[in-house]
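Fold and contact review
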Amino acid sequence: MSADKAAAIKKTDSKGSSGSIFIPAVLALVLIVLNVVLSIAYYNNQDVYDLRWVLAILDLSIILSFYAMAGKRVSHLLVSMKLALTLLLVLAILSIIGTILPQGEKVINSGWIDNPLYNFYRHLGLFDMYHSRWFLALLFLLAFNLIVCIYNRLPTAVKHVMRPRIDVKDIFITSQPLSAEIDAPGGNTMSLAREVLSDHHYRIREGNTGSVMAEKGRFAGLYSLSFHLSFLLIGLGAIIISFTGFEERLEIPDGATASVPGTELQVTNHGFQMETVEVRENDRVVGYRPSVYSSDLELFDNGESVARKTITVNDPLRYGGINFHQASYYRTGRGYVTVLSVNKSPGKSLIYLGFGAMMGGIVLGLYFPHRRIWFKMGESGKLLVGGRTNRAKMSFQQDFDNIITELRSSK
Amino acid sequence: MHLAVLGINHKSAPVELREKVSLDHERCGQLSEHLLDETAITEVVPLSTCNRTEIYVVSSRPEVGRREIVVSLARAARVGQSDLEDCIYFHEGAETVDHLYRVVASLDSMVMGEAQILGQVKEAYRTAHRQQTTSVLLNRLFRHALEVGKRVRTDTRIGENPVSVSSVAVDMVKKVYDDLEGRTAMLLGAGTMSELTATHLASHGVSRFLVSNRTLGRAEELAEKFDGEPVPFDDLVTYLPRADIVISSTGAPHYVLRRGEVERAMRQRHNKPIFFIDIAVPRDIDPGVNSVYNAFLYDIDDLNEVAAANAAERGKEARKAEKIIREEVDSFGEWVAGLDAIPTIAALREQAETIKEEELGKALRKIDSLSEKEVNRVETMASAIVNKILHSPTVELKKAANERGGYMYVESIRRLFGLNGTGKGGRRKD
Amino acid sequence: MDPLIKLEEILFIVAVVSYLVSSFLYIWYLITRSDRAVKLGTIILVLGLAAHTIALMLRWVSSGHAPMANLYESLSLFGWGIVLFFLIAQHFYPVKVAGSLVVPTAFLITSVAGVFYEGPQPLVPALQSYWLWIHVTIAMLSYGLFALAFGAGFFYIVQEYLLKKQYQNVVAAFVILLAALGIVLGLWAGSVWAEPAKVADELGRIDKIYTGEDTAKILGGAGFGLLIGAILGFVAGKGASRPGFSKRLPSLDVLDEVSYRAIAFGFPLLTIGIITGAIWADQAWGRWWGWDPKETWSFITWLYYGAYLHTRLTMGWRGKHSAILAVIGLVAVMFTYLGVNLLLSGLHSYTPT
């Protein structure tokens, strides 16, 4: 964007928003009141309702309405790269704090619990950083920022692929990073060039004004889109899991049976097995630690046996979207108690789809450079050839040189 | 066989004389012919560059060398013999070898470490070889010298650090831009220094030149020379964002480029670096430019400082080169000794034999009362004396032939026994 | 003791000593440009690598799994990888000068590995999966690339100060780098000295308990490291502060490009590393993400380098600013790789001591 343009935008910006400061102010007030009411409700009944999501969105809306009140356009903020970078850094800093302070249950055994301000810190979310409303709010904002950016770029990216620039002027071709002019005495130079380029596996696209574009790896430009879309898929998957999935810890002594809460399933532990190895220090055995442990499980659905499997840490029992993982064990006076982690994650396929899109983006970006070569008969009567690539410049240069040599020699 | 060199160079003679004595191919050839035909010299290689003219010769007699060469050179260069006499240097024997090696290693050059001298020596030798003015000794000497030159260049870094301001400037630019191919340079002011630097840049691949000068005519002239684009002087700030390198040498009494202007240009070119070379005095470019992000400014003092540091670096490398040369001079000496020991022994024996025969003849003619048996006895005794006296020198010479520095023994023997005058003058025949 | 283990130990020590000797020769080469030094340095480095390779193979045989299961194995493998890549690079490109930084780094990493030496042991249950070598190899490759970006970035900064004739900043850069390294090494030496009480739960997860005296020892170590590092940095910086030194370093263009490219390749690798870790975690524990310290720190590192790439690709940053980012980035990387295991507790710290 040129400096003039930016200044012009700023001008209309301040003009357009100065009149409408009233609306965001009212909005902010309403949101704040709502926020306070809900916060009180949430902190008094934390175990009953989980309102963090709502609160996170409210927090976010309040910040944005203040931003609007300051006379700036929210839409400009949301597309800005600076916002994205700031969010990345703030998230990183919050994450660092989260790794330093005890999180979740660990806080109970730490000295923090005796701190007079413990409850205040807890409400700030310091001891459950990654699930706190602030963290969630920032994630939402980042997602929103991402969506707006993708929305803004999608049309151009798609247009780039579907309707690329083919009709170009002479100067466009000669000012490409790589360009050449070839004497063309015969009348068939253009068709020769088409042939040579298709031999090099370029896709030929004809223009309307006599210029031709040959390209390779035309979807490569979508790598960034694919990469960024994958975050949305993963995020969506995570949201679905947190709303519809569950994770339970089941502790089952040998031979006992336990029900999986919220389902008709029951699981029986037919026996916990463990192998140990010696822990040596200077050739002396100082202790033992587990090398393998497993539980022989049988699963009943409505009282009917549906599955039986010996599970180990890396090998769970899966049934109807519910997984039984070997999480841990402990010993009591009467023998071992196996600890299972039972979970259902309905959004997992979305997450895996996201992983796929991410890998796809990486592979596209790393291994499929987008190469384009334009050619046309120039006004000087010579064949003009010019090309560019988005990456791997060296190998493109080689490719380009080969093509030019072939064109020159096969007249 | 007597090796010598006579020459003048930038240390021994003023430039006016060097200019005159600098000989072209043809005159070199004539000089060689003259020396070979008229004197006891058997091999010649003339070497003539703009900074030095040297005549390498192999003579059959030691005294012949100097005077005759001076005369011939004075005639060939059309200068007075006495003018020349004051400005020449003359080396003989092993010193000749040392001198040539120093020359070819560019230790004796005006700019120590320059690369051209190796090519010039090669050319001089080739020409001489083609004209058949060389033989065993000079062939061997020059081939060896060229190898020494190469070895010095590969084993030391004597040629790596430029010491002239314009090449230092290019060297520094290349520490910002690895590849100058396709870069754009802007010349402010069209002085000779900026032209020289621009020529250097062009030879490293800089392809676009923007030329700006107070008088547009000179700018256009220079622009044409570099296939560049003249830029109106008042408008240079508009063109600044396009420049990767700026060379400034205007005569302006105040700054031509200020920090603010450079900052603006930098924003426009998205922080791509600009390298400013300010060779004007007083300076053209605001020193504050150096602190602009990705702007690098070198004025003439900075460049001189780097040049001095480089020169010091070259001095260190020169010491390594000297060591190599010492080794190589010795190794050449060994070869010469090996070459000379056998003929020297032969000459020594031949001389002794001749003396013995002469003296025996004289003595026997005076005493004729001896019986044949007695004559035989006297002859045997004379031979025994000769053999006994020569035994030790012969053995030592044979040994010395395989020793470092052994050529000194050979030379001593030749001198002590006066063998040089009777040496085989016909070497040129092969 | 098992002779194989004994042999492995000896070969490992041979490797460490070779790297040390080679480091001195490479630094000597930087100072004097003696070709003989660098030739000898290369030969010794190759011999060290050979010994190291055999040591790792012996470890693989005696433990029955790829040598990636504990800090000793992982660091040793990392040092080995650095030396291997460097020797390959040196064979094809003119990067001998970089050896004066790379080889001492490899020595440092390998010798730290030696400090954490443990005999071969079977894998703990959670690590018994083919994901182990996929996940670990990819993650270490990305760390290596970030380290490369760091090196190129650091020399970019030095080279820029040299070219701008800001010699006091050259000294400052060296002092800061070596003082930071000194603090890290001092912290670590201090924590070894302090010997905090360790508490392990039944799964082998370790928690460390630091007393006030322990803390004082650790801080003392850090202070001492800071002092030594700053002095060494001052000496090195003074040595480099002269007009001629810029010639020994590559051009800014090359350093910028190397630093950026290393991150541009390292970031996707880190992404894949995190993805494989998530998939593995999903298989092992039924959850793909659990904000375990290692996970969180890899996420922090990922955010950081993601931000770096955005400043470069969409905001047009280049040069010193990018170089500074690349240098700081290594702090996050080192913390993810080592700091988490040494200082924080979690699923990734398996050290059974």
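Residues numbered from 1 in each chain as written. Chains lettered and ligands numbered in written order. Predicted model: local features only at pLDDT ≥ 70, side-chain atom pairs only at ≥ 80, totals over all residues.

A short note on the overall build of chain C
Looking only at helices and strands, chain C features 10 helices and two strands. Along chain C, helices (α) and strands (β) appear in the sequence α-α-α-α-α-α-β-β-α-α-α-α when read from the amino end. The C-alpha radius of gyration of chain C comes to 21 Å, within 12% of the 20 Å expected for a compact globule of 353 residues. Taking the principal axes of the C-alpha coordinates as reference, chain C spans close to 60 × 50 × 45 Å. In chain C, which comprises 353 residues, the share counted as buried stands at 50%. Partitioning the intrachain contacts of chain C with sequence separation of at least 6 by distance along the chain shows that 80% fall at a separation of at least 24. (Helix = DSSP H or I, 4+ residues; strand = E, 2+ residues; numbered from the N terminus. Rg over C-alpha atoms; globule rule 2.2 N^0.38 Å. Buried ≥ 20, exposed ≤ 12 C-beta atoms within 10 Å, placed from the backbone. Contact = placed C-beta atoms within 7 Å.)

As for the confidence of the model for chain C
All names here are of chain C. The predicted model of chain C averages 87 in pLDDT, with 93% of residues at 70 or higher. Here strand β2 (residues 206–209) stands out as the element of chain C with the lowest mean pLDDT, 61, in contrast to helix α2 (residues 35–63), whose mean of 93 is the highest. Overall fold confidence (pTM) sits at 0.80, and the ipTM for the predicted complex is 0.82. (pLDDT = per-residue confidence, 0-100.)

Side note on the environment of Asp284 of chain B
Residue and element names in this part refer to chain B. Inspection of the secondary structure assignment puts Asp284 in the loop between β9 (274–278) and β10 (295–299). Residues Asp284 and Leu187, spaced 97 residues apart in sequence, show a C-alpha to C-alpha distance of 12 Å. For Asp284, the residues in contact, after removing those within four places along its chain, are Leu188, Ser248, Thr250, Ala252, Tyr255, Val256, Leu257 and Asp278.

Re the sheet that holds strand β5 (residues 184–188) of chain B
Across a sheet, strands are paired by hydrogen bonds formed along the backbone, either parallel or antiparallel in direction. Residues and elements named next belong to chain B. Spatial ordering of the open sheet is given by β7-β6-β5-β8-β9-β10, a layout of six strands whose pairing is parallel. Of all the strands in the sheet, the pair left with one neighbour each is β7 (229–232) and β10. This sheet shows a mean twist of 20 degrees between the axes of neighbouring strands, independent of strand direction. Note: β5 against strand β6 (residues 208–213), five bridges, orientation parallel. When the bridges of β6 are listed, Met186 appears paired with Leu210. (Pairing = 2+ DSSP bridges. Axes fitted to C-alpha atoms, helices over the stretch in contact; angles between N-to-C directions.)

Section: the interface of chain A and chain C
Many authors give the size of an interface as the accessible area that is lost as the parts come together. Counting residues at the interface gives 40 residues for chain A, matched by 37 residues for chain C. When contributions to the side of chain A that touches chain C are tallied by element, the ones reaching two or more residues are α5 (81–100), β6 (265–281), β7 (284–301), β10 (322–332), β11 (335–344) and α11 (348–367) of chain A. For the side of chain A that touches chain C, the element with the highest residue contribution is α5 of chain A, accounting for 11 residues. Of the residues assigned to the side of chain A that touches chain C, the class counts are 24 nonpolar, 12 polar and four charged. (Nonpolar A, V, L, I, M, F, W, Y, C, P; charged D, E, K, R; others polar.)

As for the packing of helix α8 (residues 165–176) of chain B against helix α9 (residues 192–203) of chain B
Residues and elements named next belong to chain B. The geometry of α8 relative to α9 is characterised by a closest axis approach of 9 Å and an angle of 45 degrees between their N-to-C directions. For the element pair α8 / α9, the angle class is oblique. The handedness of the crossing between α8 and α9 is right-handed. Along the contact surface, α8 presents Ser166, Ser167, Ala169 and Val170, while α9 presents Met193, Leu196, Thr197, His200 and Leu201. Residue composition of the contact of α8 with α9, grouped by class: five nonpolar, four polar and no charged. (Parallel < 35°, antiparallel > 145°, perpendicular 65-115°, else oblique. Left-handed = near helix turned anticlockwise from the far one by under 90°.)

Some details on the interface of chain C and chain B
Counting residues at the interface gives 16 residues for chain C and 20 residues for chain B. It is helix α8 (residues 252–285) of chain C that provides the largest number of residues to the side of chain C that touches chain B, a total of three residues. Residues that form the side of chain C that touches chain B fall into these classes: four nonpolar, five polar and seven charged.

Quick notes on α9 of chain B
Residue and element names in this part refer to chain B. A rise of 1.5 Å per residue sets the reference length of α9, with its 12 residues, at 16 Å; its end C-alpha atoms lie 17 Å apart and thus fit the reference within 8%. Every buried residue of α9 is accounted for by Ser194, Thr197, Ala198, His200 and Leu201. One side of α9 holds all its buried residues, which, seen down the axis, span an arc of 155 degrees. With respect to the buried face of α9, the exposed residues turned more than 90 degrees away are Thr192 and Ser203. (Expected span 1.5 Å × (residues − 1). Arc of directions from axis to C-beta.)

Focus on the sheet that holds strand β2 (residues 41–48) of chain B
Residue and element names in this part refer to chain B. Reading across from one edge, β2-β3-β1-β4 is the order of the four strands in this open sheet, with antiparallel pairing throughout. Looking along the sheet, the strands with just one partner apiece sit at the ends: β2 and β4 (89–92). Strand after strand, the sheet turns through a mean of 15 degrees between neighbouring axes, direction not considered. Pairing between strand β1 (residues 2–9) and β4: four bridges, direction antiparallel. Counterpart to Ala4 in the pairing with β4 is Glu92. Where helix α2 (residues 25–38) meets the sheet, its contacts fall on β2 and β3 (52–59), and the angle it forms with β2 comes to roughly 160 degrees.

Topic: unusual backbone geometry
Residues and elements named next belong to chain B. Of the consecutive residues Val281 and Pro282, the connecting peptide bond is found in the cis state with omega at -5 degrees. Considering the arrangement of structural elements, one finds Pro282 in the loop between β9 and β10. Of note in this structure, Ser106 is not a glycine but carries a positive phi near 65 degrees. By the secondary structure assignment, Ser106 is in the loop between α5 (94–104) and α6 (116–130).

A short note on the packing of helix α9 (residues 189–199) of chain A against helix α12 (residues 393–409) of chain A
All names here are of chain A. Packing of α9 against α12 leaves a shortest axis separation of 10 Å and a crossing angle of 140 degrees. On the basis of their axis angle, the class for α9 and α12 is oblique. Between α9 and α12 lies a crossing whose hand is right-handed. Only Ile403, Glu406 and Leu407 of α12 make contact with α9, whose side of the interface consists of Leu192, Ala193, Val196 and Leu197.

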